Amino acid sequence: MARELKKPAKPEEPDLLPAMGLFTILIPMLLSMTAFSKLAIVEINMPERSMMNMDNDTPPEPDQQALNLSLAITGDYLVIGARGGFQPNVYFKEMWTFRCKSDAQLITHAPEDVKSAVESGHGPKCKDGSEMDKEKYLYEIETIELWAINKESEEDPGRVIWAVYSSQSENVPDSAYVDGNNAFLAAPGEGPMGLTPPPMLKKPSAGAVLATIDPNSARTLKPDVAAKNIIYPLSAYDLIAKDLIQIHTQFIDLEDVDNIIIVANDDTQFDKIIQLMDRAKEAGFSKINLAKLGG
Amino acid sequence: MARKTRKFSEDVPFSLTSMMDMMTIILVFMIKNLDAEGQLLTQAENLILPVSTSKVQPKEVALTVVVDNNYVVVDNAKIVPTEDVLKQEDLLVTKVDSVLKERRATEQEHALKMGLPADEAGNIIVQIDKNIPYDAMYKVMATCGFSGYTHIAFAVMQKNGGEE
């Protein structure tokens, strides 16, 4: 009698239903504990009573040996003051970047253009031709950018300075590059207001040794990083940050080297104050005071 | 040759493997974004916080003052319209000051009962819309200081959602 060959048994699939049940419980629980946008805090030092003009006490005489660093912001420029003197003004052009809901693309407009469009009954224009909600456009501002401007004189409207930036996504600038002399890879733009990038400013190729304004940040550009670099208007915040880092390093021995007073106009948006506080903290100024410009 | 017809009545076993793959991906994503410590700070409605590079987290629950385009809100109660704050000349926002002083007195009373020092500076977190003018922010901040809340922190949104 021929021996009956046993058919190899088909491997049994594990019972996945209990695992599915577990996952179904875990996912809603984790969903409730997940933070998609994380909040943080920025601490400040309270302004001194004398600054607030709430009493008639005369403020103490400033210490001549101290740094007495202040950073002022007006509607047109930023300026650093120390020891009774001021550095040259860093002029800027304010620009608002919106993210359109219709195409999820970023658009940048000057505030005056947005305001005049809203007055004539239109919202800011998106790349796909649609208009943003003219009532709620303020809530759609993603970033308030301050483009550094090169001015020859007070009357000169100036030209936008363009620089080479690293970028991580969709043409959004990350860090500005500096050369071996700690100078930005930058040049004033062409055309009216210098809004066209200068042709002489080229993106550095892979293998170039560059740094950012952060200390010890020199690196050799890898091909994937070099491919993502962009030419973008130089931020006035970056110009100020570079100066602040230099000042903090230069006067490291002084007692008040960690102190800075940020002075602003009444109508300065809160976002700009936070950006300046960020730059000051990154430069090493841990004690930040706030004051009003022009008393 | 007779064509073989498909048996439609045959039961096709339901495969959970692809479903498991999907669930595993979602689970890994969730665990990556998990905030095990919980949030001591939640964003108020009707405002957009500025984005900052700060990663400092509040150490304890603190009184929150919210300044949006419409109102100054203390502990979820609307106290004074923001427009009124902007119009006034004085640094001290009286209505906010009286509410804060009341809260500070309660906090100090509670601290004494617990045997803790009551004269320490009060902690307060201020949430301000990123488009609010400095004038309103400065007045609210000064008012907090005069009411005894001198440890002031501004709430901000972490850059890139806190990702490195």
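Our subject in this report is the structure included herewith.

Cut-offs and rules
Positions within a chain are numbered from 1, following the residues in the order the chain's sequence is written. Key to labels: chains lettered from A, ligands numbered from 1, both in the order written. Reporting in this predicted model follows two pLDDT cut-offs: at least 70 for local features of residues, and 80 or more for side-chain atom pairs to be given and counted; totals over whole chains, interfaces and linings ignore these cut-offs and use all residues. Neither water nor hydrogens contribute to the side-chain values; these are computed over all heavy atoms in the structure. Only strands joined by at least two bridges in the DSSP assignment are considered to pair. Only DSSP runs of H or I with at least four residues qualify as helices, and only runs of E with at least two residues qualify as strands; both kinds are numbered from the N terminus onward. In this description, contact between two residues means that some pair of their heavy atoms is separated by no more than 4.5 Å. Accessible surface is computed with a 1.4 Å probe, and the buried area is the amount of it that two parts give up when combined, taken over both parts together. By salt bridge we mean one thing: a side-chain nitrogen of Lys or Arg within 4 Å of a carboxyl oxygen of Asp or Glu. Note on disulfides: each one is a pair of cysteine sulfur atoms within 2.5 Å. Three exposure classes are used, based on accessible area relative to the maximum for each residue type with a 1.4 Å probe and protein chains only: buried under 20%, partly exposed in between, and exposed over 50%. Angular values range over 0 to 180 degrees, each being the angle between N-to-C directions of two axes fitted as lines to C-alpha atoms, with helices fitted over their stretch in contact. If you view the pair so one helix is near and one far, a crossing is left-handed when the near helix is turned anticlockwise from the far one by less than a right angle, and right-handed when it is turned clockwise. Following the grouping adopted for this structure description, the nonpolar residues are Ala, Val, Leu, Ile, Met, Phe, Trp, Tyr, Cys and Pro, the charged ones are Asp, Glu, Lys and Arg, and the polar ones are all others, Gly among them.

## Let's talk about the pairing of strand β9 (residues 172–178) of chain A
Residues and elements named next belong to chain A. With 3 bridges joining them, strand β8 (residues 159–169) and β9 adopt antiparallel strand pairing. Directly across from Tyr165, in β9, lies its bridge partner Ala176. Pairing geometry for β9 and strand β11 (residues 209–212), over 2 bridges, is antiparallel. Of the residues in β11, the one forming a bridge with Val178 is Ala211.

## A word on the interface of chain B and chain A
Of the residues lining the interface, 58 residues belong to chain B; the matching set on chain A comes to 53 residues. Between chain B and chain A, the buried area comes to about 5100 Å², and carbon and sulfur atoms account for 68% of it. The three residues of chain B that bury the most area against chain A are Met30, Lys130 and Tyr134 of chain B, which together make up 14% of that side's buried surface. In this structure, Lys292 of chain A engages Asp135 of chain B in a salt bridge whose closest nitrogen and oxygen atoms are separated by 2.6 Å. Of all the secondary structure elements, the ones that give two or more residues to the side of chain B that touches chain A are α1 (17–32), β1 (51–52), β5 (123–128), α4 (134–146) and β6 (151–158) of chain B. With 10 residues, α1 of chain B is the largest single contributor of residues to the side of chain B that touches chain A.

## Details of the state of the cysteines
Residues and elements named next belong to chain A. Taken as a whole and judged by the stated rule, the model has 1 disulfide over all chains. Note on cysteine connectivity: Cys100 is disulfide-linked to Cys126, with sulfurs 2.0 Å apart. Judged by the sign of its S-S torsion, about -100°, the cystine formed by Cys100 and Cys126 is left-handed. Here the residue Cys100 occupies a position in the loop between β5 (90–99) and β6 (106–109), and Cys126 occupies one in the loop between α2 (111–119) and β7 (141–150), the gap between them amounting to 26 residues. Taking relative accessible area as the criterion, Cys100 reaches 2% and is therefore assigned buried.

## Observations concerning the packing of helix α4 (residues 236–250) of chain A against helix α5 (residues 270–283) of chain A
Residues and elements named next belong to chain A. Running from amino to carboxyl end, α4 crosses α5 at an angle of 35°, the nearest separation of the two axes being 8 Å. The handedness of the crossing between α4 and α5 is right-handed. Counting all contacts with α4, which are made through Tyr237, Asp238, Ala241, Leu244, Ile245 and His248, the residues of α5 involved are Lys272, Gln275, Leu276, Arg279, Ala280 and Ala283. Tallied by class, residues from the contact of α4 with α5 come to 7 nonpolar, 2 polar and 3 charged.

Functional significance is not addressed by these values, which are geometric in nature.
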